[in-house]
Amino acid sequence: MTAVEQSVEVPKAGRWPLFGIFAFAFLICTQVFAFMTSPPDANMGQLEKIMYVHVPAAWIMFVCFLIVLVYSLRFLWKGREDDDLLAASAAEVGATFNGLTLVLGMIWGKPAWGVWWAWDARLTSTLVLFLVFVGYLSLRAFVEDPQRRGQWSAAVGILGALNVPIVWMSVTWWRTLHQMASTAQTMAKVYQLGLWTNVAAFLLIMVYFIRRRYEAACFTRAAEQAAQAVALGGQD
Amino acid sequence: MAFRDDVRRVRAIAWKDLTTERRSKAGFNSVVALGVTILVLFGFALGPDAQALRDAAAGALWLSALFAGVLAFNRSYQVELESGALDQLLQYPGPRWVIYVGKLVANSLFVGLMMVIVVAVGIALFQVRIPAAWPELIGVTALGAVGLVVLGTFYAAMASRSRAREVLLPLLLFPMLVPVLLAAMSASKALLVGDMMHEAGAWIQMLVAYDVIFLVATLLAFEYVIEV
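Residues numbered from 1 in each chain as written. Chains lettered and ligands numbered in written order. Predicted model: local features only at pLDDT ≥ 70, side-chain atom pairs only at ≥ 80, totals over all residues.

## Focus: the overall build of chain A
To keep things clear, this is the line we draw: Per the convention used, a helix needs a DSSP run of H or I reaching at least four residues, while a strand needs a run of E reaching at least two, with both numbered from the N terminus. C-beta atoms are first placed from the backbone for all residues, and any pair lying within 7 Å is then listed as a contact.
Looking only at helices and strands, chain A features six helices and zero strands. Along its sequence from the N terminus, chain A presents helices and strands in the succession α-α-α-α-α-α. The contacts of chain A with a sequence gap of at least 6 include a subset with a gap of at least 24, amounting to 80%.

Spelled out as structure tokens, the structure:
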């Protein structure tokens, strides 16, 4: 049985704002670099440039949800509230990147496929994943008690992560049993460096976002605990 | 010895839930009525062309069962919350998973019986031709219902005790059930037209895998959900 009783320590911002400025500056550099070095694609023309934001967003979203899984398990195991707050921060950032992936994919899909949405396996499972984590965040919003919120959202986070490969498989089958699967294209060398540097930039931004969100979550909890202490008449 | 005690506890909890339902009947009747109403609405949306209805029958039936089932899951805990019955239940000796399995058994019977009626009405309304492979079709329906009940019973343990339980349960449950729905609908659809492509087998395997994975996962996680 885990118990959230000890007070939350609010971490210091320290040099994190500087880190954030660096991360965004780095992203601008990698975007410019990718735009300059990549020739227009044979089929897609300049449209391929969206890959440098779309693909990193999709990968980072998976990293975020992996963090949710790991810290949810750790919370159930050790019962320390900071693990729960970190998982929640990662879920929020992950849902943001997930939404970004979907929107960017649709912006790409309209000119490339002629439609905003195709019931393709990747698109559909990304959307389902987004809905699972919207559920996770709603659950947190509707439960006040921190112990309950922590354990419930950890359970929802773990089951949600467990469901990802199954959703992926089911949607792939659903498509391929009826219609031909889209073939994966191998990427030319010229595009790879631009992509990888942008993935690195997105990773830094993710770390920055999760860190600042985590600080904010700790502040909220500390304020709640202070209010509780005052209400109980212990301190003023 | 201990295991036999647990089985007795499971039976007691399932019996208690089913007796409550049997004595009031209001819950079951309204859930079945809702399932049939949704079927009729699907008929309006898709019909009246007989072939179109037949093609959409599997999907419409599963969605009706899903929407009606959601009400059953929340009810199963709601009756415990009135006059603090859940606190009492948690004070009895025995492991926590026993409560979950007991509720699972009761909900399976409840949803199973509801689906029998809804499917029978659906077959008539959507002019479904009963295929030769009807035993397999019943198997698919049972496997899909198990997946629905396992996750429904688990998530309702949280949603029913939160603010906004009406919206929270479907919001949590429906995205998680996407694989069950896809597999059950696709397998039923394939079996209804004679399974020419031999695709039903793969979907049935997926249903079995899903049921086993989430049964184990929810059994392990239930303790963390019910105790707070």
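## A look at the overall build of chain B
Test applied: We compute the radius of gyration over the C-alpha atoms and compare it with the globule rule, which gives 2.2 Å times the number of residues raised to the power 0.38. With C-beta atoms placed from the backbone, a residue is labelled by how many other C-beta atoms lie within 10 Å of its own: buried for 20 or more, exposed for 12 or fewer, partly exposed between the two.
Along its length, chain B carries nine helices and zero strands. The linear arrangement of helices and strands in chain B, starting from the amino end, is α-α-α-α-α-α-α-α-α. On C-alpha atoms alone, chain B measures out to a radius of gyration of 18 Å, which is about the 17 Å that the 2.2 N^0.38 rule sets for 228 residues. On the principal axes, the C-alpha backbone points of chain B span a range of 55 × 35 × 30 Å. Buried residues in chain B amount to 43% of all 228 residues.

## Structural notes on the interface of chain A and chain B
Quick note on the threshold: Each residue is assigned to one class: nonpolar for Ala, Val, Leu, Ile, Met, Phe, Trp, Tyr, Cys and Pro, charged for Asp, Glu, Lys and Arg, and polar for all the others, Gly among them.
Taken together, the 28 residues of chain A in the interface contact 25 residues of chain B. Mapped onto the side of chain A that touches chain B, the elements with two or more residues apiece are α4 (121-142) and α5 (146-176) of chain A. Take the side of chain A that touches chain B: its biggest share by element is 17 residues, from α5(A). When grouped by side-chain class, the residues that make up the side of chain A that touches chain B number 21 nonpolar, six polar and one charged.

## Some thoughts on the confidence of the model for chain B
Interpretation of this model should avoid reading the predicted coordinates in detail wherever pLDDT is low. Selection rule: Note on scores: pLDDT gives the predictor's confidence for each residue, bounded by 0 and 100.
Per-residue confidence for chain B gives a mean pLDDT of 88; residues scoring 70 or more make up 100%. Taken together, the chains of this predicted complex give a pTM of 0.86 and an interface ipTM of 0.85.

## Looking at the confidence of the model for chain A
Per-residue pLDDT for chain A averages 84, and the proportion of residues at 70 or more is 90%. Taken together, the stretch residues 178-184 of chain A has pLDDT below 50 and engages in three contacts with residues farther than four places along the chain or on a different chain.

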